[in-house]
Structure formats: structure tokens, C-alpha cells
Amino acid sequence: MVNVWAADITPLLIEEIYRAYYNRVPKWRKEKADKLRNVADRARSVGAWILWEKIQEMTGLPEDAVFNLSHSGKYVLCACSDREGVQVGCDVEMTGALRMSVAERYFCPSECKIIRAGTDEKEQAEWFYRFWVLKESFMKATRRGMGLDMRTYEFAWRPDGIPYMRKQPDEYPGIYLCREYELKQGDARAAVITTDDEIGGRLQEVRLA
């Protein structure tokens, strides 16, 4: 089963707290954070790894468990499975203005149609970010990143409101489960896609400090 966790990294913007966590992460993670110039970027990099460590402590998952990390704005996200050999991808994005030009360039025509059908620009923007986190999650699950054309796979929603893949790339014919989440403060969207046969329906939020 895949469980999904999120945390607010705002406390790590305080130098004292950041340093305390920085000293806990592996050497390679320190080096990755050190290459980032922006204070918030460094906090997200360290915070994402700290979230994974906290999940391991709470669940007893081993270091080689399948997991995926994402971060955006003040949030970090982790999706992890207790099964071996599955694919897991997750994405979190702070919501904002409608980016219709991005949708028209990368999304399927049917997906753009759903976005445009929103009653106003706010609802259209909500649809855009719902699609975006699903698209990103699948790219991460396959480990292809932007090397995978977003128009080769298409999302839709079941009557119960759960998203599914209506079209998949030929090279990825497996069964992928999809779930989407909204952070409690309503300022970010998140999604998870996996070949595991179950995903937790509730996003679990963790305090870092």
C-alpha cells in the first residue's frame, strides 16, 4: 500500500532550525542543498529528506523502500510503498493563476477542454493544477521526467471523483492507480500515481518543528 505524507517547511526558514536538520541529513543531501542559492530552496531540499526520515521512524519502512519526494512553495511531499518493485510518483504544486498557454502546449485536447469548461478563471486554474500534478506524478513514476510526452497519456475522472488514466503511452501499459489531494489550507494540490494495488485516501500531514 502507498501512503502519502506532507509537511510545511516554513520552520526551516529559521537558520537555527535549518542547521539542526541539515546536520542530520546524508552527506550527498547536504551537498545538494549547498548548491542551491535560495534559502527556501535549501529548506525544501533538506525538509523533503527529513520528512522521509520521519516517515521511516513512524512506520518502520526500510531505507530501500520505494518512495518519491516532491516540493513546492512551503510544502514537501512524500509517497512511499511497503511493497517491493512497484512504481511510485508524486507531485505537489502551490496553486496560482491559470496557465492556459502551458496546458495548450503540453496537455491533451480533451484535458484543455475540461479546463476551459470551468465556470470562471478560478475554477479553470483549479483544473489546470489538478491535471498538472497528475501529469508530473506519472512522469516521476516512470522515471522519464520531461522525456515523456505529456500528450501520450490522458486523465479523466470516475463518477466517484477518483482520477484514472484514460489513455497511456504504449511503453507503459500497466495498471496505474491515481489519487489527488488538497492541502488543508487549500493553497496547494498534490497527486500520486503508482503500480501498487492500493493508495491511502487520506493525506497525512507532519510537523517538522
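Everything discussed here concerns the structure shown above.
*Asks:* Even after reading the chapter, I still don't get the overall build of the protein, so can you show me in this structure?
*Replies:* Across its full length, the protein carries 6 helices and 9 strands. Its C-alpha atoms put the protein at 50 × 35 × 30 Å along the principal axes. Between the averaged position of the 32 positive side-chain charges in the protein and that of its 33 negative side-chain charges there is a distance of 3 Å.

*Asks:* Would you take a moment to explain the packing of aromatic side chains for this structure?
*Replies:* The way to describe two aromatic rings as a pair is by their centre distance and the angle between their planes. Evaluation of the coordinates by the stated rule reveals 16 aromatic pairs. Consider the rings of W127 and F131, whose centres lie 6.1 Å apart with planes at 35°: the pair is tilted. Highlighted residues: W127 and F131, both in helix α6 (residues 121-142), separated by 4 residues, approximately one helical turn. Like F131, W127 is buried. Grouping aromatic residues by their ring pairs yields a cluster made of F107, W127, F128, Y129, F131, W132 and W157. Over the ring of W132 we find R99; its NZ or CZ atom is 5.9 Å from the centre of that ring.

*Asks:* In this structure, what is going on with unusual backbone geometry? I would like to understand it.
*Replies:* A positive phi is found at R143, a non-glycine position, where the angle reads about 65°. Along the chain, R143 falls in the loop between α6 and β5 (154-157). Judged by its relative accessible area of 75%, R143 falls in the exposed class.

*Asks:* Sorry, what's going on with the packing of helix α1 (residues 15-22) against helix α3 (residues 39-59) here?
*Replies:* The description of two helices packed together rests on the angle between their axes and the distance between the axes. One can describe the packing of α1 onto α3 by two numbers: an axis separation of 10 Å at closest approach and a directional angle of 50°. Classified by the angle between their axes, α1 and α3 sit oblique to one another. Handedness of the α1/α3 crossing: left-handed. Across the interface between the two elements, Y18, Y21 and Y22 from α1 touch R42, A43, V46, I50 and K54 from α3. Class assignment of the residues belonging to the contact of α1 with α3 gives a composition of 6 nonpolar, no polar and 2 charged.

Analysis parameters
- Residues numbered from 1 in each chain as written.
- Predicted model: local features only at pLDDT ≥ 70, side-chain atom pairs only at ≥ 80, totals over all residues.
- Heavy atoms only, no water.
- Helix = DSSP H or I, 4+ residues; strand = E, 2+ residues; numbered from the N terminus.
- Lys, Arg positive; Asp, Glu negative; His and termini not counted.
- Charge placed at Lys NZ, Arg CZ, Asp CG, Glu CD.
- Phe/Tyr/Trp six-rings, centres within 6.5 Å; stacked < 30°, edge-to-face > 60°.
- Buried < 20%, exposed > 50% of the residue type's maximum accessible area, 1.4 Å probe, protein only.
- Lys NZ or Arg CZ within 6 Å of the ring centre and 35° of its normal.
- Axes fitted to C-alpha atoms, helices over the stretch in contact; angles between N-to-C directions.
- Parallel < 35°, antiparallel > 145°, perpendicular 65-115°, else oblique.
- Left-handed = near helix turned anticlockwise from the far one by under 90°.
- Contact = heavy atoms within 4.5 Å.
- Nonpolar A, V, L, I, M, F, W, Y, C, P; charged D, E, K, R; others polar.

In short, the description is geometric, and any link to function would need to be established separately.
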